[in-house]
Amino acid sequence: MTASMLKILLSFTMTLVFGVRVGLAQQPADEAAIRRYSEDAERAMKEKNSVAAEAALEKLAQLTPNSPEVHANLGFAYFYDGNYEKATEAFKRAVQLNP
């Protein structure tokens, strides 16, 4: 895969069930893991499996700590699960990254 193709691929975003996007435009440390966790999160959210979504999004947040979309999705997963304190922190982080 050429660098330009990779850049185009990484610039695409995937829309999750909650209408928030996971941005993949950053230079990832492990592109395959980022894609895998993004797909896992999307699948879990579509299945309304907040525990699996949280796990995938937490890993994704570790790999892409500067992605406001990831933190926003994590906030939605926490909120859906009733973990309002963690949801608030995730939403705050998303807003810090993208005011």
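About the criteria used
Residues numbered from 1 in each chain as written. Predicted model: local features only at pLDDT ≥ 70, side-chain atom pairs only at ≥ 80, totals over all residues. Heavy atoms only, no water. Salt bridge = Lys/Arg side-chain N within 4 Å of Asp/Glu carboxyl O. Helix = DSSP H or I, 4+ residues; strand = E, 2+ residues; numbered from the N terminus. Buried < 20%, exposed > 50% of the residue type's maximum accessible area, 1.4 Å probe, protein only. Core = buried A, V, L, I, M, F, W, Y, C linked by side-chain atoms within 4.5 Å. Contact = heavy atoms within 4.5 Å. Axes fitted to C-alpha atoms, helices over the stretch in contact; angles between N-to-C directions. Parallel < 35°, antiparallel > 145°, perpendicular 65-115°, else oblique. Left-handed = near helix turned anticlockwise from the far one by under 90°. Nonpolar A, V, L, I, M, F, W, Y, C, P; charged D, E, K, R; others polar. Expected span 1.5 Å × (residues − 1). Arc of directions from axis to C-beta.

*Asks:* How should I be thinking about the pattern of salt bridges in this particular structure?
*Replies:* Proximity of charged atoms lets side chains of opposite charge pair with each other. Under the defined criterion, the tally for this structure stands at three salt bridges. As a salt-bridge pair, Asp 40 and Arg 43 come within 2.7 Å of each other at their nearest N and O atoms. Of the two residues, Asp 40 and Arg 43 both sit in helix α2 (residues 31-46), three residues apart, roughly one turn of that helix. On the basis of relative accessible area, Arg 43 is assigned to the partly exposed category, the value being 45%.

*Asks:* Whenever I open this one, the environment of Arg 36 confuses me. Can you help?
*Replies:* Within the secondary structure, Arg 36 sits in helix α2. By relative accessible area, Arg 36 is classed as partly exposed at 42%. Between the C-alpha atoms of Arg 36 and Ala 56, which are 20 residues apart in sequence, the distance is 8.7 Å.

*Asks:* So what exactly am I meant to see when it comes to the nonpolar core here?
*Replies:* Proteins that are soluble and globular tend to have nonpolar side chains buried together. Counting 17 residues, the largest nonpolar core has Ala 53, Leu 57, Leu 60, Leu 74 and Tyr 78 as the members making the most contacts within it. Broken down by secondary-structure element, the contributors of at least two residues to this core are α2, α3 (50-63), α4 (68-80) and α5 (84-97). In terms of residues, this core owes the most to one element, α2, which gives six residues. Excluding anything up to four places from it in sequence, Leu 74 contacts Glu 54, Leu 57, Glu 58, Ala 61 and Ala 90.

*Asks:* Which parts of the structure should I look at to understand the packing of α4 against α5?
*Replies:* Helix-helix packing is characterised by the crossing angle of the two axes and by the distance between the axes. Orientation of α4 relative to α5, taken along the N-to-C sense of each, is 165°, at an axis distance of 8 Å. Taken together, the axes of α4 and α5 are roughly antiparallel relative to one another. In terms of crossing hand, the pair formed by α4 and α5 is left-handed. Here Pro 68, His 71, Ala 72, Leu 74, Gly 75, Phe 76, Tyr 78 and Phe 79 of α4 come into contact with α5, specifically with Tyr 84, Lys 86, Ala 87, Ala 90, Phe 91, Arg 93, Ala 94 and Leu 97. Looking at the contact of α4 with α5 residue by residue, the class counts come to twelve nonpolar, two polar and two charged.

*Asks:* Explain α2 to me, please; I cannot follow it from the model alone.
*Replies:* Each full turn of the α-helix corresponds to 3.6 residues, which orients residues three or four apart in the same direction. Here α2 contains 16 residues, and its C-alpha end-to-end distance of 23 Å stays within 8% of the 22 Å for a straight helix at 1.5 Å per residue. Turning to α2, its buried residues are Ala 33, Ile 34, Tyr 37, Ser 38, Ala 41, Glu 42, Ala 44 and Met 45. The buried side chains of α2 occupy one side of the element, clustering within an arc of 165° when seen end-on. One or two positions beyond α2, positive phi appears at Lys 48, with a value near 60°.

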